[in-house]
Every structure is written in structure tokens, then in C-alpha cells.
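# Structural overview for review
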Amino acid sequence: MQDDAPRVIRIRPVGRPVGLTGPAARADWAAAAGEGGDADAETIGHVERVCAYAEVLARRLVGHRRFRGTVTEAFVRRLGVAAALHDAGKAALPPALLRKPARLTPAEIVIIRRHPTLGAAAVERLLAGHPDAALRAMAAEVALTHHERWDGDGYPHGLVGDAIPISGRIVAVADVYDALTSARAYKPALPHAAARAEIMAGRGTHFDPAVVDAFAAAEPAILGIAAAAVASITGRDAVRIAA
Ligand SMILES: [Fe+2]
Ligand SMILES: [Fe+2]
């Protein structure tokens, strides 16, 4: 995605502290999210983009009256890395379930929905001993809360509104936008305009209105990240994103 992104992903042993900033740190964290080091290119691409989107969204919220003293430049930098571990809990789920090329059954959805709780525990283990306590706490809170919804219909705890940490609310928008604009085993990628419409439709229901407003304001930067990422994968996907 970035010019200086490493070509080879270095896998760090589980439990060893990882770096804090920059593309190399993100790649380390993406690899760590696979715990055993088996994170595939699709997972790493998703993690890299979610980090980049989350950072752009958070930066738009610096100085916002609702987040004064919370969303600071230090918060933005931490979130750009902490977001890499948002799906760490998926490493504990059966790979065949994660890559199932069809809609999930209700029983399978119950299993998938365990990943935030599993992820928060995994993050505590991965980052035990990491010197930045605020980063440790943020990474665990993002893993736990990125599937909560503003209206309380999310999981695992059905938290409502401001009870959801702002880090989780930001990553929720970043994560859904990337999921919509990425091809998966069971669905094609949506073009940006359609994904944007879905994010807008979720304003005040799925998502914090302030984060959706940040998404709208940051649209050129979001599109730039998406286009740069897919251009490095396949020409066909790049065309889809640009459409
Ligand atoms: Fe997730
Ligand atoms: Fe995700």
C-alpha cells in the first residue's frame, strides 16, 4: 500500500512487543494478528487498510467538541496501529469457517461473533509487557468493541452510543467500508459509491454520526487509500473502486 511497505512480512513470536508506528509496525501487527504467523495476504491487506482509514477518520475528529481531550494527535497515532489487531480473535476460529464461500448459518454466526471477546484476550497476551499502556488498552478495546453499533444492536455486549469507546466506533466505520469494498469468498467488491451510500445510511443507527461525518469529509483521502491498495492487487478491482 505504501511505497516503503516491506515486501516480506516478518513474523514476530507471539508475546514479543511489536513496534509502534509506520508501515513496518502495521505489517508486524497484521502478522501478529495471525498469532501463528499464518495471516494471509487478504487478511494483511484488510488490516493495513483499516489502520489507514481509521487514522484518517480519527484525524478528522481532532478538535471536535464531543471528543476534546480524547481524540488527540497521540490518540490518532495509536489508533493507526492498534486497529491492526481488531480481528485478532479470528485467529482462534476455524479457518474453513472464515473462508466459507457461502452465507453463514445461524450457528456459524454465533461462533464468528465470539471473535471480539477472544480478540481482546489475545491482545492482552500479545502485548503483555508492551511499554505503552495506553496502546495496550486501546488495542484491547478496539478488538472488543469494533462490532458494537451506535443503536445498541451490535455485539458482543450491545453497548449503546457513547458507551462504546470512540476507538471502536471509528474502527467500525473503517472496517465496514473495507469489507464492503473488498471481494470475499462469498461476495464481489462493491464500488466506492455504493459502499459510501451504505456508510451514510448507517449514520445514527449503525455508526456514530460524527464518525460518518468525518468519513464524508475525508472521502478523497479514503478513496486514495482504497485505490492505492487495490491498484497493487489487480487491475480489475482497481476499476471497480474507481467506478
Ligand atoms: Fe471483526
Ligand atoms: Fe475486520
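These figures come from a predicted structure and were not determined experimentally.

This part is about the overall build of the chain. Counting secondary structure elements, the chain contains 12 helices and 0 strands. Each helix and strand of the chain, placed in order from N terminus to C terminus, yields the pattern α-α-α-α-α-α-α-α-α-α-α-α. Considering the chain as a whole, with its 243 residues, one finds that 42% of them fall into the buried category. In the chain, 64% of the contacts between residues at least 6 apart in sequence involve partners at least 24 apart.

Omega for the peptide link from Tyr155 to Pro156 comes to 10°, which places this bond in the cis form. If you trace the backbone, Pro156 turns up in the loop between helix 7 (133–145) and helix 8 (166–181).

Remark: helix 6 (residues 115–126) packs on helix 7, axes separated minimally by 7 Å, with the N-to-C direction vectors making an angle of 165°. Considered as vectors, helix 6 and helix 7 are oriented roughly antiparallel to each other. Crossing angle aside, the handedness with which helix 6 passes helix 7 is right-handed. Contacts between helix 6 and helix 7 pair Pro116, Thr117, Gly119, Ala120, Val123 and Glu124 from the former with Ala139, Ala140, Ala143, Leu144 and Thr145 from the latter.

With that settled, the discussion passes to the nonpolar core. Of all hydrophobic cores here, the largest spans 54 residues; its most connected members are Ala54, Leu57 and Val173. Contributing elements (two or more residues each) for this core: helix 2 (41–61), helix 3 (73–82), helix 6, helix 7, helix 8, helix 9 (192–201), helix 10 (209–217) and helix 11 (219–231). Counting residues per element, this core draws most heavily on helix 2, which supplies 11 residues. Once you skip the residues sitting within four places of it in the chain, Val173 turns out to touch Leu57, Ile199, Phe207, Val211, Val212 and Phe215.

A word on helix 6. Along an α-helix, residues three or four apart share an orientation, since each turn contains 3.6 residues. For helix 6, spanning 12 residues, the distance from its first C-alpha to its last is 15 Å, which sits close to the expected 16 Å at 1.5 Å a residue. All of the buried residues in helix 6 are His115, Pro116, Gly119, Ala120, Ala122, Val123 and Leu126. Down the axis of helix 6, the smallest arc covering the buried residues is 165°, so these residues share one side.

Let us look at the environment of Ile111. Positionally, Ile111 belongs in helix 5 (residues 106–112). We classify Ile111 as partly exposed; it has 13 C-beta atoms within 10 Å. Along the sequence, Ile111 and Pro94 sit 17 residues apart, while their C-alpha atoms lie 9.3 Å from each other.

As a further point, take helix 9. Among the residues making up helix 9, those that are buried are His192, Ala195 and Ile199. The buried residues of helix 9 occupy an angular sector of 70° when the element is viewed end-on, so they sit on one face. Counted as exposed and oriented over 90 degrees from the buried face of helix 9: Ala193 and Ala201.

Here we come to the environment of Glu198. The topology assignment puts Glu198 in helix 9. For Glu198, a count of 13 C-beta atoms within 10 Å gives the class partly exposed. A C-alpha to C-alpha distance of 8.4 Å links Glu198 and Tyr177, two positions 21 residues apart in sequence.

Now for the packing of helix 3 against helix 7. One way to put it is that helix 3 packs onto helix 7 with a least axis distance of 9 Å and a crossing angle of 55°. For the element pair helix 3 / helix 7, the angle class is oblique. Like other packed secondary-structure pairs, helix 3 and helix 7 cross with a definite hand, here right-handed. Touching Arg78, Leu79, Val81 and Ala82 of helix 3 are Ala134, Leu135, Met138, Ala139 and Val142, all from helix 7. Here the residues of the contact of helix 3 with helix 7 are counted per class, giving 8 nonpolar, no polar and 1 charged.

Residue placement: Arg49 occurs in helix 2. The class for Arg49 is buried, based on 24 C-beta atoms found within 10 Å. Linking Arg49 and Gly80, residues 31 residues apart in sequence, is a C-alpha distance of 9.9 Å.

The rules behind these values
- Residues numbered from 1 in each chain as written.
- Chains lettered and ligands numbered in written order.
- Predicted model: local features only at pLDDT ≥ 70, side-chain atom pairs only at ≥ 80, totals over all residues.
- Helix = DSSP H or I, 4+ residues; strand = E, 2+ residues; numbered from the N terminus.
- Buried ≥ 20, exposed ≤ 12 C-beta atoms within 10 Å, placed from the backbone.
- Contact = placed C-beta atoms within 7 Å.
- Axes fitted to C-alpha atoms, helices over the stretch in contact; angles between N-to-C directions.
- Parallel < 35°, antiparallel > 145°, perpendicular 65-115°, else oblique.
- Left-handed = near helix turned anticlockwise from the far one by under 90°.
- Core = buried A, V, L, I, M, F, W, Y, C linked by C-beta atoms within 7 Å.
- Expected span 1.5 Å × (residues − 1).
- Arc of directions from axis to C-beta.
- Nonpolar A, V, L, I, M, F, W, Y, C, P; charged D, E, K, R; others polar.

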